[in-house]
Amino acid sequence: MTAKLRAFALILLASTFATAHASVTLELRSVGDRGFELAQDDATTSVQLVAPGVLHVHYMPMGNRTPPSLVIDPQRTPATTFKPGVSRHGDAVTLRSARMVARWDPKTATLTVSDAQGHVLLRQTDLMALSQERIVLEHAPGDALYGIGGFEANTPVTGLLRSGKQIARAGKQGHAGAPFVWSTAGWGVLVDCDGAQFDLANATVAVSGFQRPDADYYILAGRPGQLFGELADLSGHAPLFPKWAMGFTNSQWGSDEKELLDIVKTYRARHIPIDNFTLDFDWKAWGQGDYGEFRWNPEKFPDGPGGKLAKMLAAEGVHLTGIMKPRLLLDTAEGRYATAHDLWIPGQQPYQDYFSHKLAKELDFDKPETRRWFGRLAIKYAFDEGIAGWWNDEADVYGKAEKLTSNTQFLNMQRALYDAQRAASNQRVWSINRDFWLGAQRYAYGLWSGDIDTGFASMAAQRTRMLSAIDVGAMQWGMDGGGFNGHPSDENYARWIEFGAFTPIFRVHGTFGEKRQPWVYGPVAEAAATAAIRLRYALLPYVYAYQHRDSAKGVGLVRPLTFDWPDDPNVRDDVDAWLFGDWLLVSPVVEQGQTSKRIYLPAGTWTEWFTGKVYAGGRTIEVPVDSKTWRDIPLFIRDGAIIPLQAVMDYVGQHPVTTVTVQVFPSDHATRFDYYDDDGETYDYEQGRHYLQSLAVKKQRNSIVFTLGAPSDSYRPALRWYLLAIHGGAARAVRVDGEPLAAAASVDALKHGDARGWVDGHDPYGPVTWVTLPSNAAAEVDIETRLP
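Residues numbered from 1 in each chain as written. Predicted model: local features only at pLDDT ≥ 70, side-chain atom pairs only at ≥ 80, totals over all residues. Heavy atoms only, no water.

### What about the nonpolar core?
Here is step 1 of the chain: Counting 217 residues, the largest nonpolar core has Leu 55, Phe 198, Trp 390, Phe 502, Leu 539, Ile 643 and Tyr 722 as its most contacted members.
Here is step 2 of the chain: If you look at the next biggest cluster of nonpolar residues, it comprises 14 residues, including Leu 561, Ala 577, Leu 585 and Tyr 600. (Core = buried A, V, L, I, M, F, W, Y, C linked by side-chain atoms within 4.5 Å. Buried < 20%, exposed > 50% of the residue type's maximum accessible area, 1.4 Å probe, protein only.)

### Topic: unusual backbone geometry
Trans is the common state for peptide bonds, and a negative phi is the common state for residues other than glycine.
Here is step 1 of the chain: The phi angle at Asp 290 is positive, at roughly 50 degrees, despite the residue not being glycine.
Here is step 2 of the chain: Within the fold, Asp 290 resides in the loop between strand 19 (276-279) and helix 4 (308-314).
Here is step 3 of the chain: By relative accessible area, which is 52% here, Asp 290 ends up exposed.
Here is step 4 of the chain: One non-glycine residue, Ala 444, lies in the positive phi region at around 50 degrees.
Here is step 5 of the chain: Inspection of the secondary structure puts Ala 444 in the loop between strand 26 (436-437) and strand 27 (446-448).
Here is step 6 of the chain: With a relative accessible area of 1%, Ala 444 lands in the buried category. (Helix = DSSP H or I, 4+ residues; strand = E, 2+ residues; numbered from the N terminus.)

### Re the pairing of strand 13 (residues 176-183)
Here is step 1 of the chain: For strand 13, the tally of buried residues reaches 8 of 8 residues, placing the bulk of the element in the interior.
Here is step 2 of the chain: On strand 13, burial covers both faces: Ala 176, Ala 178, Phe 180 and Trp 182 on one face and Gly 177, Pro 179, Val 181 and Ser 183 on the other are all buried.
Here is step 3 of the chain: Pairing of strand 11 (residues 145-149) with strand 13, which is carried by 4 bridges, proceeds in the antiparallel orientation. Within the sheet, the bridge partner assigned to Gly 149 lies in strand 13 and is Gly 177. (Pairing = 2+ DSSP bridges.)

### Observations concerning the sheet that holds strand 29 (residues 506-508)
Here is step 1 of the chain: On the basis of which strands lie adjacent, the open sheet formed by 8 strands has the order 28-27-25-24-20-19-18-29 and parallel pairing. For this open sheet the edge positions go to strand 28 (477-478) and strand 29, each flanked by a neighbour on one side alone.
Here is step 2 of the chain: Sheet topology note: the strand 24 (residues 387-392)/strand 25 (residues 431-433) ladder contains 3 bridges and is parallel. Within strand 25, the residue paired with Asn 392 across the bridge is Asn 433.

### A word on the packing of aromatic side chains
Here is step 1 of the chain: A full pass over the atoms with the stated rule returns 37 aromatic pairs.
Here is step 2 of the chain: With centroids separated by 5.9 Å and ring planes inclined at 75 degrees, the aromatic side chains of Trp 391 and Trp 448 adopt a geometry described as edge-to-face. Taken as a pair, Trp 391 in strand 24 and Trp 448 in strand 27 lie far apart in primary sequence, 57 residues in all. Per residue, the accessibility class of Trp 391 equals that of Trp 448, and both read buried.
Here is step 3 of the chain: Residues Tyr 542 and Phe 673 carry aromatic rings whose centres are separated by 6.0 Å and whose planes lie at 10 degrees to one another, so their mutual orientation is stacked. With Tyr 542 in helix 11 (residues 540-553) and Phe 673 in strand 40 (residues 671-677), the pair connects residues that are 131 residues apart, well separated along the chain.
Here is step 4 of the chain: Residue Tyr 542 is classed as buried on the basis of its relative accessible area of 0%.
Here is step 5 of the chain: Aromatic ring contacts, followed pair by pair, group Trp 253, Phe 281, Trp 286, Tyr 354, Phe 355 and Phe 512 into a single cluster.
Here is step 6 of the chain: The aromatic ring of Tyr 683 is capped on one face by Arg 422, whose charged end is 3.5 Å from the ring centroid.
Here is step 7 of the chain: The aromatic ring of Trp 391 is capped on one face by Arg 507, whose charged end is 6.0 Å from the ring centroid. (Phe/Tyr/Trp six-rings, centres within 6.5 Å; stacked < 30°, edge-to-face > 60°. Lys NZ or Arg CZ within 6 Å of the ring centre and 35° of its normal.)

### Some details on the environment of Arg 34
Here is step 1 of the chain: Inspection of the secondary structure assignment puts Arg 34 in the loop between strand 1 (27-31) and strand 2 (35-40).
Here is step 2 of the chain: For Arg 34 and Ala 51, which are 17 residues apart along the polypeptide, the C-alpha to C-alpha distance reads 9.3 Å.

### Description of the pattern of salt bridges
Here is step 1 of the chain: Per the counting criterion, the structure on display carries 40 salt bridges.
Here is step 2 of the chain: The partner of Asp 393 in a salt bridge is Lys 325, and the shortest N-O contact between them spans 2.6 Å. Taken together, the residues Asp 393 in the loop between strand 24 and helix 7 (409-424) and Lys 325 in the loop between strand 20 (319-324) and strand 21 (327-329) connect sequence positions 68 residues apart. In this pair, the class of Asp 393 matches that of Lys 325, namely buried.
Here is step 3 of the chain: Here Arg 495 ties to Asp 632 by a salt bridge, and the two come within 3.1 Å at their closest N and O atoms. With Arg 495 in helix 9 (residues 490-500) and Asp 632 in the loop between strand 36 (619-624) and strand 37 (635-638), this residue pair connects regions lying 137 residues apart in the sequence. Residues Arg 495 and Asp 632 agree in their burial class; the two are buried.
Here is step 4 of the chain: Among the charged side chains, a network of salt bridges with common partners joins Lys 325, Arg 327, Asp 353, Asp 393, Glu 394, Asp 396, Arg 434 and Asp 451. (Salt bridge = Lys/Arg side-chain N within 4 Å of Asp/Glu carboxyl O.)

### Overview of the environment of Thr 321
Here is step 1 of the chain: Along the polypeptide, Thr 321 turns up in strand 20.
Here is step 2 of the chain: Given the relative accessible area of 0%, Thr 321 is considered buried.
Here is step 3 of the chain: The spacing of Thr 321 and Pro 224 is 97 residues in sequence and 34 Å in space, taken between C-alpha atoms.
Here is step 4 of the chain: When sequence neighbours within four positions are dropped, the list of residues in contact with Thr 321 reads Trp 244, Asn 276, Phe 277, Thr 278, Leu 279, Ile 387, Ala 388, Gly 389 and Trp 430. (Contact = heavy atoms within 4.5 Å.)

### Here's the deal with the side chain of Asp 115
Here is step 1 of the chain: Inspection of the secondary structure assignment puts Asp 115 in strand 8 (residues 110-115).
Here is step 2 of the chain: A relative accessible area of 16% places Asp 115 in the buried class.
Here is step 3 of the chain: Within the structure, the side chain of Asp 115 is placed 3.0 Å from the backbone nitrogen of Gln 117, a separation counted as a polar contact.
Here is step 4 of the chain: Setting aside chain neighbours within four positions, we find Asp 115 in contact with Arg 99, Met 100, Val 101 and Leu 121. (Polar contact = N/O pair within 3.5 Å; in protein donor to acceptor, adjacent residues only side chain to side chain.)

### Section: the packing of helix 8 (residues 456-470) against helix 9
Here is step 1 of the chain: Orientation of helix 8 relative to helix 9, taken along the N-to-C sense of each, is 15 degrees, at an axis distance of 10 Å. By the criterion of interaxial angle, the relationship of helix 8 to helix 9 is roughly parallel. Helix-helix and strand crossings are classified by hand; for helix 8 and helix 9 the assignment is right-handed. In this structure, helix 8 uses Phe 456, Ser 458, Met 459, Gln 462, Arg 463 and Met 466 to contact helix 9, whose residues at the interface are Glu 491, Asn 492, Arg 495, Trp 496 and Phe 499.
Here is step 2 of the chain: Across the contact of helix 8 with helix 9, the residue classes break down as 5 nonpolar, 3 polar and 3 charged. (Axes fitted to C-alpha atoms, helices over the stretch in contact; angles between N-to-C directions. Parallel < 35°, antiparallel > 145°, perpendicular 65-115°, else oblique. Left-handed = near helix turned anticlockwise from the far one by under 90°. Nonpolar A, V, L, I, M, F, W, Y, C, P; charged D, E, K, R; others polar.)

### Some thoughts on the side chain of Thr 562
Here is step 1 of the chain: As for its placement among the helices and strands, Thr 562 is situated in the loop between strand 30 (558-559) and strand 31 (578-580).
Here is step 2 of the chain: Given a relative accessible area of 1%, Thr 562 falls into the buried group.
Here is step 3 of the chain: Aside from chain neighbours lying at most four places away, what touches Thr 562 is Tyr 146, Trp 182, Thr 184, Pro 224, Val 571 and Arg 572.

### Focus: the sheet that holds strand 21
Here is step 1 of the chain: Spatially, the 3 strands line up as an open sheet ordered 21-23-22, and their pairing is antiparallel. Each edge of the open sheet is held by one strand with a lone partner, namely strand 21 and strand 22 (351-352).

### Description of the environment of Lys 367
Here is step 1 of the chain: Mapped onto the secondary structure, Lys 367 falls in the loop between strand 23 (359-362) and helix 6 (368-381).
Here is step 2 of the chain: Along the primary structure Lys 367 and Asn 412 are separated by 45 residues, whereas in three dimensions their C-alpha atoms are 8.7 Å apart.
Here is step 3 of the chain: Within the structure, Lys 367 has its side chain in polar contact with the backbone oxygen of Asp 342 (distance 2.5 Å).

Structural data, given as structure tokens:
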């Protein structure tokens, strides 16, 4: 739709409402340096442009101002340096920034929000609806809508687009929710509430049922990545996970200390990388009393208490993480304490715990005193004795399903653990949880998709579950690789590992007695799975940089194609492929026995990772699939890519990373990658102790210019050299900062030398120029290429 047609459609919609409410008087009460206030009977509506892309609207009847919900970051500090342009003509007011324009027209009682170029995004003509606890906003017909909610495990998935009646609520079993709807047309709406109904029809967003007398909402403007940056600023930025969490996790139900040590030993002997082993019920003295729901089971894990087992595994580079449950047994010291201090969910009846067959109840984590008590016990009995991360299971059963308000038990359960660990240690928090509600990301919060079935159909559905979760801000997502219920075939397991290698949280898990180690599934599957895991570990510098971007900017490692091609109708509901960072597009094989696969590549030039074959984008291609060895992953490099790689190790930090290889695919427009590092373990980065360095490149007719920025000096990693592999033409000469660079005898000489140099050659991608640069200083590399 053209901008003129879009504006005309909105004008027609607006006229319908203007007549209906012509008798309503909304008086301009005041104009300030960021916005204005309207008086309406005994209510006030505040309209403030609080950030370049954020308009805050708050309707307050009789001065009623409800405290912010969990969706809004309680530590949020409004930008003090931002000052919008504010102009007034009579009672008409215009607020302006570099990203959006908000206009109040008193003649039609209309609030119009446009982008900086004047294209109308949203129009609110029915401000009287706010007094009826309804928010009504009109948008252009044809706007693609996303967000609000995802899908529960083992329920049908219906794509990414949202329409009709949608309930924003934290559900259960892998569901992700947020009172947030957004459009690739350049806008989003965040409602400050614990749940609501969104009616998306007839080019209108109508929000109701938000269970508060005042209506408090934010209108966002920008491209998708900007919208999610604004969302993070409002709802809270995610703290960094530890670096080991970028690697591979093996979770298992049904194990003891001997088996655990044997499994880890086998991983190491086969050089299959792994960093984390997650223990299910087995690690706990569940049902034994004396805080058994928090402490080690000394019969199954004799070296667990006291932390000896954790130290043994740390020597192998493996972290231990463990399951936590939201319930306690009644007839225990901890259960009696909870009863005496009224820490249970109100009104809940005791029920039989399925593991111990004893009576139990759920804790009320919405109470601060419950969180403090539970957190202290978890630190004392688990964290201090070697449990380095939290797998918070369930906590989604007892919600308020009859209302639109959300069950926040799971969010506040992890909040208890996060707050307790932050108070006790500088060691980073890691968790996975079975549900997500916007705001949870503030507490080092990962989401996994619940107790899913095994098989190809279930695996294929995880693509939609992941991307729909990311569409509501759940950037740290993972799944039970291999499926929880059932036993995957060898082929299904191999393909599941390849899929998992390109998700934010890379893990496997199964039901009781199921083993998910690669060697269990035969030599063909083991080879395919091992190759995928090792590729993930080679990409760790790339992965970690996007972990940092998620924390800093609100957009994570994985995102739907709509984020970068919002105007392409072919990707509006595409779950078959996604971006992995800025520069890789992946489309895992999710069909049994598949011999070829059709993949849509958006506009641009794409290079296949494994073969070097180049494809023009903006069309659907067909690629062969290896149905015999299952070793291939459809993976494509985007034009302009800058991709850092490291030597594959058995675990994160096994050896110092002194050289990073950077694969560079120059484009005719400038592109950039920000290399990031820190100690990977602590929160010292919050005080600015990290390493950040820009890498940029641009291709011209007969030259390529690569620019290395000066690094930050607040943290110094082991990194000493960048080995650049610059594609796009054979080099005639190379200069660094204007001076000729000496040619080396071979690539091996460059790799094993200790000096700057260059050499040209060929690799699967064609002509390549290898250049070594020290990482400790800025430099500009000018490669003169031979004309074709």
